[in-house]
Amino acid sequence: MQVLSINIRDERQLKALIGLSFEHLTQIEEAFSSVYETRQAQAYEEGKAKGKRQRAPGGGKKGQLKTMRDKVVFLLYYLKVYPTFDVLGAQFGLSRSKACENVHKLAPMLHQALASLEVLPHRTFQSVPELKKACEGLETIII
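In what follows, the accompanying structure is described. Sequence order as written defines residue numbering, which begins from 1 separately in each chain. In keeping with the model being predicted, local features are shown solely for residues with a pLDDT of at least 70 and side-chain atom pairs are shown and tallied solely at 80 or more, while totals for entire chains, interfaces and linings include all residues. Note that water and hydrogens are dropped before the side-chain values are worked out from all heavy atoms of the structure.

Examining the environment of Lys-50
Thought 1: The helix and strand labels rest on DSSP assignments: H or I over at least four residues marks a helix, E over at least two residues marks a strand, and numbering proceeds from the N terminus. Checked against the element boundaries, Lys-50 lands in the loop between α2 (22-49) and α3 (68-81).
Thought 2: Put simply, Lys-50 and Ser-127 are 77 residues apart on the chain and 45 Å apart in space, counted from C-alpha to C-alpha.

Here you go:
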């Protein structure tokens with residue numbers, strides 16, 4: 001299975017690299033694509049309104065992370081393995097600075113996509129009863 005410029009042989013290897021199955025990767029990719037395209041359209045309109053646009057959408061140099069799948073795998077790999085930007089860049093054919101730039105640009109979009117899929121954990125509670133309700137059915141809570 002060719003998932004990126006990295007040749008991933010099977011689902012086991014995919015899970016080792018990003019922690020997800022091919023099915024889950026596809027679901028996240030679809031949600032991420034929607035968020036990404038919306039944000040790109042907003043950025044284009046804002047730039048156009050300010051008179052800063054030089055090219056139409058799709059113009060200019062293409063990055064190393066060409067497809068949505070490349071972008072999602074790049075982020076999930078970073079979040080699972082947490083390599084330095086030097087190592088991350090080497091793995092994906094990017095410079096250290098571009099690896100950093102891509103992580104900081106794309107991570108909020110991934111967060112929004114995961115929120116739209118309702119798979120993010122609940123992190124804040126307003127009261128103790130709200131916490132107890134969220135923990136119903138759990139035998140052990142480790143903090």
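A few points about helix α1 (residues 11-18)
Along an α-helix, a turn takes 3.6 residues, which lines up residues three or four apart on a common side.
Thought 1: Relative accessibility thresholds used throughout: buried, under 20% of the residue-type maximum; exposed, over 50%; partly exposed, between the two (1.4 Å probe, protein chains only). Residues of α1 that are buried: Gln-13, Leu-14 and Ile-18. Buried positions in α1, seen along its axis, are confined to an arc of 110 degrees and lie on one side of it.
Thought 2: Buried residues belonging to α1 abut α2 and α3.
Thought 3: Looking one or two residues past α1, Gly-19 carries a phi angle of roughly 80 degrees, positive in sign. Directions from the helix axis toward the C-beta atoms define the arc. Residue contacts are defined here by distance: any two heavy atoms, one from each residue, within 4.5 Å place the two residues in contact.

A word on helix α5 (residues 96-116)
Thought 1: Given the number of residues in a helix, its expected span is that number minus one, multiplied by 1.5 Å. The end-to-end C-alpha distance of α5, which contains 21 residues, comes to 30 Å, matching closely the 30 Å that a straight helix rising 1.5 Å per residue would cover.
Thought 2: We define the bend at each residue as the angle formed by axes fitted to the 7 residues ending at it and the 7 residues starting at it. Along its length, α5 shows its largest kink, about 30 degrees, at Leu-106, and proline Pro-108 lies within four residues downstream of that point.
Thought 3: What α5 keeps buried is the set Ala-99, Asn-102, Val-103, Leu-106, Met-109, Leu-110, Ala-113 and Leu-114.
Thought 4: Of the surrounding elements, those touching the buried residues of α5 are α2, α3 and α4 (85-92).

Some details on the nonpolar core
Thought 1: By size, the foremost hydrophobic cluster in this structure holds 29 residues, and its most contacted members are Ile-18, Phe-32, Phe-74, Leu-88 and Phe-92.
Thought 2: When contributions to this core are tallied by element, the ones reaching two or more residues are α1, α2, α3, α4 and α5.
Thought 3: Ranked by residue count, the leading element in this core is α3, at eight residues. Working definition of a nonpolar core: buried Ala, Val, Leu, Ile, Met, Phe, Trp, Tyr and Cys residues. They are joined through side-chain atoms within 4.5 Å.

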